[in-house]
Amino acid sequence: MDWLQVVVLAVVQGLTEFLPISSSAHLILVPVLTRWEDQGLAFDVALHLGSLSAVVIYFRQEIWQMIASSLTAVKGNGVDDDARLAFWVTVATLPVCIVGFLLHDLIAGYMRSTLIIGLSLIGFGLLLGYADWKMRGTRSEYQMTLKDVLIIGGAQVLALIPGTSRSGITMTAALMVGMSREGAARFSFLLSIPVIVLAGGLEAVNLLKAPHLIDVPAMLVGALLSGISAYLCIHYFLVVIKKLGMQPFVVYRVLFGAWLLWFFHF
């Protein structure tokens with residue numbers, strides 16, 4: 001890869017991993033618009049590592065409290081809000097892990113079409129807009145019930161459909177059950193940690209089975225840029241939604257989805 005490809009792919013990955021606009025929809029455009037060859041599995045693993053590092057660093061205090069409180073709860077010293085949040089993250093992750101494992105080949109082989117991506121961008125974008133406009137409440141991620149968590153975890157399964165956006169659908173479900181914008185976003189970001197770990201781990205296993213040439217400098221720069229762009233994305237997204245809500249992202253999704261359908265199918 002040349003350095004322009006490294007920079008573009010890293011920044012696109014870092015930004016779209018956490019914005020509710022679908023990383024798969026954007027990454028499919030890169031080879032179409034640039035004619036670049038596939039970047040390879042090793043580089044994908046590096047980009048995921050960068051994104052993972054960003055969210056872990058950003059929420060390091062919350063994560064530490066969740067781990068410490070969980071250990072305290074295991075010892076039988078009571079369950080506080082942080083331990084409960086750690087449990088909610090675990091519960092909400094299970095559905096997408098199970099369904100993703102069972103349907104991985106089907107999704108990878110038959111659902112990565114621009115038609116599905118375009119329709120998903122528009123449909124789930126409008127659903128996000130409705131949830132933000134009519135359904136949102138004031139509860140934080142510490143005020144969820146088991147029912148809320150099961151709904152959000154079930155919705156996360158829909159993120160296996162390309163174009164849906166994992167962050168977008170989990171924020172939509174969280175808003176639907178009455179969470180605030182900030183609470184929905186923060187819980188969605190925390191949910192990304194086990195999902196990225198599992199997805200990156202699967203890619204790493206596949207890499208070991210079919211090793212490729214590894215461009216170490218490109219991987220290091222890609223991971224760094226992905227991490228920086230993801231960190232900035234998380235920070236400024238939480239600032240923007242306080243003032244503007246989700247509607248700018250809804251408009252972007254609808255326009256982008258319509259363009260994909262027009263460009264590839266009309």
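The rules behind the values
Residues numbered from 1 in each chain as written. Predicted model: local features only at pLDDT ≥ 70, side-chain atom pairs only at ≥ 80, totals over all residues. Heavy atoms only, no water. 1 Å grid on protein atoms, 1.4 Å probe; cavity = no way out; pocket = protein on both sides within 12 Å on 5 of 7 lines; lining within 4 Å. Points joined across faces, edges and corners; volume = space filled by probe spheres on them. Helix = DSSP H or I, 4+ residues; strand = E, 2+ residues; numbered from the N terminus. Nonpolar A, V, L, I, M, F, W, Y, C, P; charged D, E, K, R; others polar. Core = buried A, V, L, I, M, F, W, Y, C linked by side-chain atoms within 4.5 Å. Buried < 20%, exposed > 50% of the residue type's maximum accessible area, 1.4 Å probe, protein only. Contact = heavy atoms within 4.5 Å. Polar contact = N/O pair within 3.5 Å; in protein donor to acceptor, adjacent residues only side chain to side chain. Salt bridge = Lys/Arg side-chain N within 4 Å of Asp/Glu carboxyl O.

1. Section: the layout of surface pockets
Working step 1: What the largest pocket holds in volume is close to 1800 Å³.
Working step 2: Lining the largest pocket are 49 residues, and of these His48, His104, Arg112, Ala199 and Glu203 lie nearest its centre.
Working step 3: Of all the elements in the fold, those that place two or more residues in the lining of the largest pocket are helix H1 (3-16), helix H2 (23-27), helix H3 (29-34), helix H4 (41-58), helix H6 (81-110), helix H9 (166-176) and helix H10 (181-209).
Working step 4: In terms of residue count, the dominant contributor to the lining of the largest pocket is H6 (eight residues).
Working step 5: Grouping the constituent residues of the lining of the largest pocket by class yields 23 nonpolar, 18 polar and eight charged.

2. What about the nonpolar core?
Working step 1: Among the nonpolar cores identified, the biggest contains 46 residues, and Phe187, Phe189 and Phe237 are the most heavily contacted of them.
Working step 2: Looking at which element gives the most residues to this core, the answer is H10, with eight residues.
Working step 3: Ignoring anything within four residues of it in the chain, the contact list for phenylalanine 187 reads Leu85, Trp88, Val89, Ala92, Glu141, Met144, Ile152 and Met179.
Working step 4: Formed by eight residues, the second largest nonpolar core is a distinct cluster that contains Leu9, Trp36, Phe43 and Ala218.

3. Describing the side chain of threonine 164
Working step 1: Inspection of the secondary structure puts threonine 164 in the loop between helix H8 (146-156) and H9.
Working step 2: At 3.1 Å, the side chain of threonine 164 forms a polar contact with the backbone oxygen of leucine 158.
Working step 3: In terms of polar contacts, threonine 164 uses its side chain to reach the backbone carbonyl oxygen of isoleucine 161, at 2.8 Å.
Working step 4: Every residue in contact with threonine 164, bar those within four places of it in the chain, is listed here: Ser22, Ser120, Phe124, Leu158, Ala159, Ile169 and Arg253.

4. Considerations on the pattern of salt bridges
Working step 1: All told, the structure shown has five salt bridges when counted by the stated rule.
Working step 2: Notably, a salt bridge pairs glutamate 62 with arginine 186, separated by 2.6 Å at the nearest N-O pair. Here the residue glutamate 62 occupies a position in helix H5 (residues 60-74), and arginine 186 occupies one in helix H10, the gap between them amounting to 124 residues.
Working step 3: Judged by relative accessible area, glutamate 62 falls into the buried class, the value being 18%.
Working step 4: A salt bridge links arginine 186 to glutamate 141; the shortest N-O distance between them is 2.9 Å. One end of the pair, arginine 186, is in helix H10; the other, glutamate 141, is in the loop between helix H7 (114-135) and H8, with 45 residues separating them in the sequence.
Working step 5: What makes glutamate 141 buried here is its relative accessible area of 5%.
Working step 6: Among the charged side chains, a salt-bridge network with shared partners connects Glu62, Glu141 and Arg186.

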